[in-house]
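# Fold and geometry: a report
Here is what each chain is made of, one letter per residue.
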Amino acid sequence: MQVRRCVTVLVEPRESVDFDLAELALGETGVRERLGWLALAAHCDEEIPLDAAEVAVLGAVSPGHWQSLDDLSQRHPRAVLEALLAKGLLIAQEPTDEATRRFAQADEAVRAVHWRGLSAIAHRHTRWCDVDTEEAERLFSEASPQTFLERLGAAPSVVGERAASSSRLPLEKPSLSPLDALMDRRVTCRNFDPAPLSHDAFSAVLYRAFGARAVSDYAPGVQLLKKGVPSAGGLHATEVYLLVQRVEGVPPGLYHYHPIAHALEPLHELAADEAASLARRFVAAQAYYAGAPLQIALVSRFERNFWKYRNHAKAYRAVILDAGHLSQAMYLAATEMNLGAFITAAINEVEIEQAFGLGPMAEGPLAVCGFGVRAQARVTVEFDPAHRVWAA
Ligand SMILES: Cc1cc2nc3c(=O)[nH]c(=O)nc-3n(C[C@H](O)[C@H](O)[C@H](O)COP(=O)(O)O)c2cc1C
């Protein structure tokens, strides 16, 4: 059998803390600290415990050349090589069972996309699955008599000042423009009206925030888009996937937005209760965002950005910045139409990938945003200290 190491793996020495109840009963602290090696691989969701012998062998097998397992066994313990194969960290060229075949396919999917190693690990292992932030908050308040803010203490200063106030060079504020008025009214919305959103408002905000204003045939086989927001390399690798709950003329379901055609591509129709339950799971149980008439997953097609920025130290940062620009354009387009908008990074990426059929290392959600008509009353907190949206 020919094998090689998986393309990207980080071996982390991690200290974990657990409690020994028997020790606790004897009046000791019961706290047990353990140090061990964990492999974080770009093709596996799980963190994989390793022993020192496995770490040593992992560092001695090429990720590039296929080598015979028998030859490697001359230099390394066979049992260790087989353990690494079973854990998916050594990849078989011709897999003989379902598990090694899945590891080989997942490793190939990472190789195909030209990820920078550390970025690939960071992306794969910061995705959430089945996280419920409401439940986490409940557990937190049960575990401690202190509020969250009491536990954190004072925050670092609001501005990182670098000079005495007497040495500042004052700048003139501009006279108020329509852009100022618009930005003043931009307040993240956590209170959505349960009525459906009009089709016109839905379509207008989608176009202004995410639609292509021009298409350029930049080079043979390379098309670029011009949008209202900047994008690394002009590639606009971030796409919009929608979970629609209540939009006039659009049945509840999953859609992909086509930015050139300015059209929805229907993927999967949902019953209203299925859409509501999926919306809650997408945003990790943040009920106020699950109540929006639609959710937009900002999905980066890493393969498109990394086609140009191959194995590039800044590429992952750039696609995250792209998502931020799109979200701000959506906020402003929605605010202009007197709608409320939101964005959240607290999302269950794995469930979003599954719902839309996305290969996690080829294309993945970086944030969920959305918009809709604001409710008449503010039940959930919004940050509006200047009272531009809500009366005091
Ligand atoms: C990257 C990012 C992530 C955010 N994640 C969350 C979130 O998980 N939950 C939430 O309620 N709001 C989230 N927000 C919204 C912020 O809480 C909000 O912008 C902030 O409170 C300031 O309010 P404003 O947008 O009305 O000025 C996020 C905003 C950004 C830019």
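Residues numbered from 1 in each chain as written. Predicted model: local features only at pLDDT ≥ 70, side-chain atom pairs only at ≥ 80, totals over all residues. Heavy atoms only, no water.

Burial analysis of strand β9 (residues 238-244) places seven of its seven residues in the buried class, which makes it a mostly covered element. What you see with β9 is no split at all: T238, V240, L242 and V244 on one side and E239, Y241 and L243 on the other are buried throughout. Across seven bridges, β9 lies against strand β12 (residues 294-300) in antiparallel orientation. Each residue of the ladder has a partner; that of L243, found in β12, is Q295. (Buried < 20%, exposed > 50% of the residue type's maximum accessible area, 1.4 Å probe, protein only. Helix = DSSP H or I, 4+ residues; strand = E, 2+ residues; numbered from the N terminus. Pairing = 2+ DSSP bridges.)

On to the site of the ligand, then. In the region of the ligand, the neighbouring residues are R186, V187, T188, R190, Q286, Y288, Y289, I343, T344, A345, A346 and F383. In this structure, an oxygen atom belonging to the ligand sits 2.8 Å away from a side-chain N or O atom of R186. Within the backbone of I343, a nitrogen or oxygen atom sits 3.2 Å from a nitrogen atom of the ligand. Surface burial for the ligand is 59%, taken as the share of its 620 Å² of free accessible area covered by protein chains. Broken down by secondary-structure element, the contributors of at least two residues to the shell around the ligand are α12 (287-290) and β13 (340-344). (Near = heavy atom within 4 Å. Polar contact = N/O pair within 3.5 Å; in protein donor to acceptor, adjacent residues only side chain to side chain. Areas by Shrake-Rupley, 256 points an atom, 1.4 Å probe, with all protein chains shown as cover.)

Mapped onto the fold, R280 is located in helix α11 (residues 272-282). For R280, a relative accessible area of 35% corresponds to the partly exposed category. When residues no more than four places from it in sequence are discounted, the contact partners of R280 are D132, E134, A285 and A290. Looking at R280, its side chain comes within polar contact range of the side chain of E134, at 3.2 Å. (Contact = heavy atoms within 4.5 Å.)

All right, on to the sheet that holds β13 then. Picture the strands of a sheet paired through backbone hydrogen bonds; they go either parallel or antiparallel. The strand order across the open sheet built from six strands is β11-β10-β9-β12-β14-β13, with neighbouring strands paired in antiparallel fashion. The open sheet has two edge strands, β11 (263-269) and β13, and neither has a second partner. Between one strand and the next, the sheet's axes are offset by a mean angle of 25°, whatever the strand orientation. (Axes fitted to C-alpha atoms, helices over the stretch in contact; angles between N-to-C directions.)

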